Amino acid sequence: MIDPFAQFQRETHTINGVKTVILTAGRGEPLVFLHGAGIWHGLGFALPWAEKFRVIVPFHPGFAESGDDPAMTEMHDYVMHYVELFDALGLDKVRLVGFSLGGLLAAKFAVAHGHRVSRLVLVGPAGLHDKAHPGPDLFKVPPDQITRMLVTNFDVIKPYLPETPDLDFMGARYREGTTLARLLWEHPWDKKLPRYLHRLTMPTLLVWGEDDRLIPVQMAETWRRLIPKTEVAIFKGAGHLVLDEKREAVDAVQRFLS
Amino acid sequence: MNGTVRFNFMHFMPYVPLPENQKEFSSLWVDFPNKFYDPERGHQLYQRYLSELVLADRLGFDAVNVNEHHNTAYSMMAAPNLIAAAVIPQIRRAKICVWGTPPNLEYPNRLAEEYAMLDVLSQGRLEVAFPLGTGMEYWANPVNPATARERLRESIDIILQAWTQDGPTSYYGDFYTYRYLNPWPRPYQKPHPPCYIVGTGSPETVELAAKLGFGYSATFVTKKRARELNEIIRRRAAEHGHHIRPEQLPLGVIAYVAETKEKAEQEAIEHIRYFFEDALRTTPRFLAPPGYLSVDQLKARAAMADKMHGKFDLDELSDARFIAIGTADQVVEQLEQWSEEMGTNHFNVLGAIGNMPHWKVVKNLNLFAQDVMPRMRARASHDSRAAAE
């Protein structure tokens, strides 16, 4: 297995009692990336952004190197965590990119604190449900199948996965699943979000992999209808991890944010 | 042993007429299709199983035990209180142990009421356990496994408040708000029926039992682990100011008695095999929904997962677990040894094993009741008189 976070620097902060590790790379105006429900597949895709921006990737509480707080039982607690982290880092206004679970989080943050988000990118965001295009309930998918469902080309993530069953890797994923269950077990989709998405008045880009098997690409249209002005970029030959699979997607985000 | 010894007959009431291709299903729990449940067969089985519980009472077992599972062929007792209510009028002497409904799967006031009803119906013969419930139950019920342990503590707190304080009272918790906690009826026994925690040895659950001074019984753990757990519970309970009596540490044993050791093994083995290979068969994912276990427990259990569910070797199994199969002499000897080692005088006898047919259950219960129970009771009582002299 290779180091998923090579070329990033680490900082550790304590936010409302929770150990919060952030990775940073590059210089320039801040670009915050909110990761999905797992970040074991690394951040290699974000390095091109670091040529132009100061890329900041916080590990969410309960994920990767950040600490746990079982009292954080709803997404709102995570929105508040980022309000406090941005305050601590002196970030008044950021370019915000959110992927999957991080996409839901970015949307919820921007709905409530739009004045702090100059531009918003949602990559395969979780959170909405459309009966016409139901994706799988993540909790129902066996872990060994999830990894296969993330990408169209398995070689992209294979180097980050243990070759043989690995208790530590399994334990780390179970811990992140626990964090996710605290937030989403009862209500895997956010019924209230559609009511407030009209508040996303900042320039917004939706990015999707055409062959996303976790959150179907048709959901891009559901989001587009609810957000006043948004561009949509769909990439062929890519699954849910569209940023990992398609350099063109990474570049499109870069162009949109510049 | 300190004068008494107690024997419960535990029934799981399995649904056994499975399709021929059942081995193709990785789990007989959670998602095993319920189209395989035939209510006519179910009716016949209920009739039969109820008669076996009644037989245990007639033969002199001290208690009959039932418990709760969902979405599974392992058990037809999604609502064990209904079974308890059905047998209470037919059972003259034995206690009725509902061990039990996971409090997380019902409203706590409702469970306090149901148990109080059973206690009143049976004139104070109810005993209850408060299990967390297996991981599988959290896939079948709309309850978050990640907060299950906190919810269990709160549920038990509410039930005990409902039973021990004159109502109406109020309760403002993290999970439940009661403005008028005032359940009718109240339990027959004072202050309330004897309570146990049953579990599979999670440190959090053991600690909960110790703190409350409840009995504790671990299921599906090895002998070595069960002994450790009994030591831990006695020590921790003492540190919380409770003295745990031997009868508060029921020991689950699979027992089968026949004329000879060979005959006992020959008659029982296929059903024990069915129990471990089929009835208990499920997936690691169903066993441990997210947040149900601590990460340490998840890793510890994953490391020994192969031994927990599925693989079958009777000798290996008997080395590791409480399985007494043989002549009455052999079973007596075995149980007395475990009684010493485990510091208990309370046996929860799994005497209707897996897909065992009625005649074997009847034979087993008869031989156990005729040849095992009286000898162990006599010896226990003799030992205690000898100790007194």
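None of the values given here were measured: they were computed from a predicted structure.

1. Details of the pattern of salt bridges
A full pass over the atoms with the stated rule returns 36 salt bridges over all chains. Across the pair Lys108(A) and Asp190(A) runs a salt bridge whose closest N-O atoms are separated by 2.6 Å. One end of the pair, Lys108(A), is in helix H2 (residues 101-112); the other, Asp190(A), is in the loop between helix H4 (167-184) and helix H5 (193-196), and 82 residues separate them in sequence. Its relative accessible area of 16% is what places Asp190(A) among the buried residues. Notably, a salt bridge pairs Arg375(B) with Asp329(B), separated by 2.2 Å at the nearest N-O pair.

2. Considerations on helix H13 (residues 328-342) of chain B
All names here are of chain B. In a regular helix each residue adds 1.5 Å, so 15 residues correspond to 21 Å; H13 covers 21 Å between its end C-alpha atoms and thus fits that length. By the burial criterion, the buried members of H13 are Ala328, Val331, Val332, Leu335, Glu336, Trp338, Ser339 and Met342. Down the axis of H13, the buried set is contained in an arc of 165°. They therefore lie on one face. Opposite the buried face of H13, by more than 90 degrees, sit the exposed residues Glu333 and Glu340. Positive phi appears at Gly343, one or two residues downstream of H13, with a value of about 65°.

3. Some thoughts on the nonpolar core
If you look at the biggest cluster of nonpolar residues, it comprises 219 residues, and the most contacted ones within it are Trp49(A), Trp223(A), Ile272(B), Leu335(B) and Phe368(B). Among the elements that take part in this core, helix H14 (residues 358-388) of chain B stands out by supplying 9 residues, more than any other. With residues near it in sequence (within four places) discarded, Trp223(A) still touches Ala107(A), Leu122(A), Pro125(A), Ala126(A), Leu128(A), Leu193(A), Leu197(A), Leu206(A) and Trp208(A). The next biggest cluster of nonpolar side chains, apart from the first, holds 6 residues, and it includes Ala63(B), Cys97(B), Tyr196(B) and Val198(B).

4. Here's the deal with helix H7 (residues 223-239) of chain B
All names here are of chain B. Here H7 contains 17 residues, and its C-alpha end-to-end distance of 24 Å stays within 8% of the 24 Å for a straight helix at 1.5 Å per residue. Looking only at H7, the buried set comprises Lys223, Ala226, Leu229, Asn230, Ile233 and Ala237. End-on view of H7: buried residues confined to an arc of 115°, all on one side of the axis. Of the exposed residues in H7, those oriented more than 90 degrees away from the buried face are Lys224 and Glu239. The inward-facing, buried residues of H7 contact helix H6 (203-212), strand S8 (215-218), helix H12 (314-320) and H13. At the exit of H7 stands Gly241, carrying a positive phi of roughly 90°.

5. What about the environment of Leu335(B)?
All names here are of chain B. Secondary-structure assignment places Leu335 in helix H13. Leu335 gets classed as buried once you look at its relative accessible area, which sits at 0%. Spatially, the C-alpha atoms of Leu335 and Pro131 are 25 Å apart, while their sequence positions differ by 204 residues. In contact with Leu335, not counting residues within four places along its chain, are Phe7, Val253, Ala324, Phe347, Phe368, Val372 and Met376.

Conventions used here
- Residues numbered from 1 in each chain as written.
- Chains lettered and ligands numbered in written order.
- Predicted model: local features only at pLDDT ≥ 70, side-chain atom pairs only at ≥ 80, totals over all residues.
- Heavy atoms only, no water.
- Salt bridge = Lys/Arg side-chain N within 4 Å of Asp/Glu carboxyl O.
- Helix = DSSP H or I, 4+ residues; strand = E, 2+ residues; numbered from the N terminus.
- Buried < 20%, exposed > 50% of the residue type's maximum accessible area, 1.4 Å probe, protein only.
- Expected span 1.5 Å × (residues − 1).
- Arc of directions from axis to C-beta.
- Core = buried A, V, L, I, M, F, W, Y, C linked by side-chain atoms within 4.5 Å.
- Contact = heavy atoms within 4.5 Å.

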